[in-house]
Amino acid sequence: MSATLNLLLGRAGTGKTPRIVEALRERQKAGGRAIFIVPEQYTYEAERLLAEALGGLVGIQVFSFDRLAQRVLSLGGQTRPFLSEQGYRMVIRRAIDRKRDSLKLFSLAAGQTGFVEEAETFFSDFKRAGLTPDALDELIVRLPADAPITEKLSDLSILYRETQAYLEERYISMDDAANEAARLLPASFVAGLPVYIDGLDRPNRQVLGLIEQMLRCCPEVTVSLRVDCVQRADDDLFEPEREVLALLKAVAERVGAPMREERLCEQTNAGDPLMRHIERNLFAYPAEVYHGNAGNLTLFGASDRRAEAESLAEAILELARLGVRYRDMAVIVSDLEAYSYLIQRACARRGIPVFLDRKRPLTGHAAVDGVLSAARFAALGYGAADLQIYFKSGFAPCEDADAEALDLYLRRTGLRGSALLKPLTRAEPGEAAERARGAIVPALQALSKGLARATVSEQVRAFYGFLTEIGLQRLLEEKAEQLTQAGRLPEAQEHAQVWNYIVELLDQLDEILGSIKAGKKGF
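What comes next concerns the included structure.

## A look at the overall build of the protein
Item 1. Looking only at helices and strands, one finds 21 helices and six strands in the protein.
Item 2. Referenced to the eigenvectors of the C-alpha coordinate spread, the extents of the protein come out at roughly 80 × 65 × 50 Å.
Item 3. Element-wise, carbon and sulfur atoms account for 51% of the exposed surface of the protein, whose accessible area totals about 29000 Å².
Item 4. Here the protein holds 66 positive side-chain charges and 74 negative ones, and the gap between their average locations is 2 Å.

So, in structure tokens, the structure goes:
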């Protein structure tokens, strides 16, 4: 028996989320269970909201679609391990190495920097669109044989098929997780439970496949969408949600699920009338003029982003002096990458705690950049710039003062290449500079010899030996402890995780590319 698809439609502030929370409250009071699905970035906030509103999360499980897929797979006997993004790129690299002679258009480009990342993007798009290697080949044969797009897609199809063939019995990528979870859903813990989905942004075919299975095996599926009841000047803003609504209706019709639609037209939140006016008119044309009191709105013109960040920090301090808690303040920027450092620096100077809502990449961490630069120095001809990044990272086996002396010496003399491996004699180097060079070079020489070995597996073992010799794990643990004592917990957690990430990456290199002969440069 198919589920009922309940659709809650209305713009922001019309009570869609409170309506779902109330429904969950009734389920909980009756001793029932339910699944609550929100976008990935709102899972923690949703758990807090329900904990406060319901007095606990007994019987209610909060997921994003990605986390739901992982839970279904883990409880459904899925034995294939999940593959990280870097691991997936290694599998593509392996496919390139095995199929390079079969490529027509990309035979040379496949070895260039950035090609693997581009191929990964294409393969992810293929999977999200529901295209298997066979389905892709069927589309290719319909194209003109001499068209450039045909050759491009043919080469991508070769690599896509080889990649999928390797993954099929060994790993599962996040792009495959949703499809596998949809297959297992009818026999999972989700079957028989009502599902509430609060917000659905541009779902791909995989997410729609999960919802289709929910409609087949769950008694009720409720989805809230931002669709306005009446046509207004900002009506175009809701067009993507209307497209999602049409997709959901098509899925429900396909499985024969009855639909119930409820439109919420009145904004029920007790927000500031000024903010409500801005919400209605920010993207409207023509916009209405606000005739009320706009004293709570301040427009500030700054000469550059730095001045914006400094003024922002001062405004935060002023609000804090008036009794507003830091956790009750939020900063929204148009470009987080451009503003994050400036805001962090401005707030740090004033003792303002800052939480950034983003995942930081592993690259950019001092330890990672340091050991990667060490590998480049050992593999690519002993570049002075790579050596400087390594010993200035704080994770080389030398004192900071000695590292500074060596840095100044290299800048003064321009010494580079194999001369860096020998005792310093030119232009009065000083004891500190030579002491730093003597401390870091032996391990780098051993790494250089190790990277000259035949296979990636042997190179991985040489690199791990280098990390062990410089005591990277111990250094990371010591710095994490120092940061914890200083109250810098987010940075301490990053340091604590780096070693595990590096080891996981090396394990995947050994497992996936171990038998390949990549050479020093390839490694």
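## Quick notes on the packing of aromatic side chains
Item 1. The final tally for this structure, using the stated rule, is 10 aromatic pairs.
Item 2. For the ring pair F126 and Y160, a centre distance of 5.2 Å and an interplane angle of 50° mean the geometry is tilted. Of this pair, F126 sits in helix α5 (residues 115–128) while Y160 sits in helix α7 (residues 148–168), and the two are 34 residues apart along the sequence. This pair shows no difference in class: F126 is buried, exactly as Y160 is.
Item 3. Ring-pair connections join several aromatic residues into one group, and the members of that group are F122, F123, F126 and Y160.
Item 4. Between the NZ or CZ atom of R305 and the centre of the ring of Y339, over which it lies, the distance is 5.4 Å.
Item 5. Above the face of the F395 ring, K479 is positioned so that its terminal group lies 5.4 Å from the ring centre.

## A look at helix α15 (residues 384–391)
Item 1. Counting buried positions along α15 yields six of eight residues, so the element is predominantly enclosed.
Item 2. Listed in full, the buried residues belonging to α15 are A384, D386, L387, Q388, Y390 and F391.

## Comments concerning the pattern of salt bridges
Item 1. By the definition in use, this model includes 35 salt bridges.
Item 2. Between D176 and K127 there is a salt bridge, and its shortest N-O distance comes to 3.1 Å. In this pair, D176 sits in helix α8 (residues 174–184) while K127 sits in helix α5, placing the two residues 49 residues apart along the sequence.
Item 3. R226 is paired through a salt bridge with D201; the nearest N and O atoms lie 3.0 Å apart. Of this pair, R226 sits in the loop between β5 (220–225) and α10 (239–255) while D201 is found in the loop between β4 (195–198) and α9 (205–217), placing the two residues 25 residues apart along the sequence.
Item 4. Overall, R226 belongs to the partly exposed group, its relative accessible area being 36%.
Item 5. One continuous salt-bridge network, built from bridges that share partners, spans E85, R89, E117 and E120.

## Some points on the sheet that holds strand β3 (residues 60–63)
Item 1. As summarised here, the arrangement of the six strands in space is β3-β2-β4-β5-β1-β6, forming an open sheet in which the pairing is parallel. What marks the edges here is a single partner per strand, and that holds for β3 and β6 (259–263). Averaged over all pairs of adjacent strands, the angle between strand axes in this sheet comes to 15°, irrespective of strand direction.
Item 2. In terms of strand pairing, β4 meets β5 through four bridges, oriented parallel. Counted as the bridge partner of I197 is V223 from β5.

## Points about the environment of V331
Item 1. When you line up the elements, V331 lands in the loop between α12 (305–321) and α13 (336–349).
Item 2. Accessibility expressed as a relative area gives 42% for V331, which makes it partly exposed.
Item 3. Contact partners of V331, with chain neighbours within four places excluded, come to L312, I316 and I343.

## Details of unusual backbone geometry
Item 1. A cis amide bond, omega -5°, links Y285 with the succeeding residue P286.
Item 2. Counting through the fold element by element, P286 comes out in the loop between α11 (273–281) and α12.
Item 3. The phi angle at Y382 is positive, at roughly 60°, despite the residue not being glycine.
Item 4. With respect to the helices and strands, the residue Y382 is situated in the loop between α14 (366–379) and α15.
Item 5. Notably, A427 is not glycine yet its phi reads approximately 55°, a positive angle.
Item 6. By the element assignment, A427 lies in the loop between α16 (400–413) and α17 (431–451).

## Notes on α14
Item 1. Counted at 1.5 Å a residue, the expected span for α14 with its 14 residues is 20 Å, and the 20 Å between its end C-alpha atoms agrees.
Item 2. In terms of residue burial, α14 counts as a mostly covered element, since 10 of its 14 residues are buried.
Item 3. Among all positions of α14, only A367, V368, G370, V371, S373, A374, A375, F377, A378 and A379 are buried.
Item 4. Taken from the residues just after α14, G381 is the one with a positive phi, measuring 95°.

## Remarks on the pairing of β4
Item 1. A two-sided burial pattern is seen for β4, the buried positions comprising V195 and I197 on one face and Y196 and D198 on the other.
Item 2. Examined bridge by bridge, strand β2 (residues 34–37) and β4 share three bridges and lie parallel to one another. Across the sheet, the residue bridging to F36 is Y196, located in β4.
Item 3. Crossover β4 to β5 through α9 is right-handed.

## A short note on the environment of V38
Item 1. With respect to the helices and strands, the residue V38 is situated in the loop between β2 and α2 (43–54).
Item 2. Distance in space between the C-alpha atoms of V38 and I197 is 6.0 Å, their sequence separation being 159 residues.
Item 3. With near-sequence residues (within four places) excluded, V38 lies in contact with T43, A46, V62, F63, S64, F65 and D198.

## Focus on the packing of helix α6 (residues 133–140) against α7
For any two helices packed against each other, one specifies the inter-axial angle together with the distance between the axes.
Item 1. Put simply, α6 and α7 touch, their axes get as near as 9 Å, and they point 165° apart. When the interaxial angle is binned, α6 and α7 end up roughly antiparallel. Considering the relative orientation of α6 and α7, their crossing is left-handed. Residue-level contacts link P133, D134, L136, D137 and I140 of α6 to T150, L153, S154, S157, Y160, R161 and Q164 of α7.
Item 2. Along the lines of polarity and charge, the residues of the contact of α6 with α7 split into five nonpolar, four polar and three charged.

About the cut-offs
- Residues numbered from 1 in each chain as written.
- Predicted model: local features only at pLDDT ≥ 70, side-chain atom pairs only at ≥ 80, totals over all residues.
- Heavy atoms only, no water.
- Helix = DSSP H or I, 4+ residues; strand = E, 2+ residues; numbered from the N terminus.
- Areas by Shrake-Rupley, 256 points an atom, 1.4 Å probe, with all protein chains shown as cover.
- Lys, Arg positive; Asp, Glu negative; His and termini not counted.
- Charge placed at Lys NZ, Arg CZ, Asp CG, Glu CD.
- Phe/Tyr/Trp six-rings, centres within 6.5 Å; stacked < 30°, edge-to-face > 60°.
- Buried < 20%, exposed > 50% of the residue type's maximum accessible area, 1.4 Å probe, protein only.
- Lys NZ or Arg CZ within 6 Å of the ring centre and 35° of its normal.
- Salt bridge = Lys/Arg side-chain N within 4 Å of Asp/Glu carboxyl O.
- Pairing = 2+ DSSP bridges.
- Axes fitted to C-alpha atoms, helices over the stretch in contact; angles between N-to-C directions.
- Contact = heavy atoms within 4.5 Å.
- Expected span 1.5 Å × (residues − 1).
- Right-handed = clockwise from strand over helix to strand, strands pointing away.
- Parallel < 35°, antiparallel > 145°, perpendicular 65-115°, else oblique.
- Left-handed = near helix turned anticlockwise from the far one by under 90°.
- Nonpolar A, V, L, I, M, F, W, Y, C, P; charged D, E, K, R; others polar.

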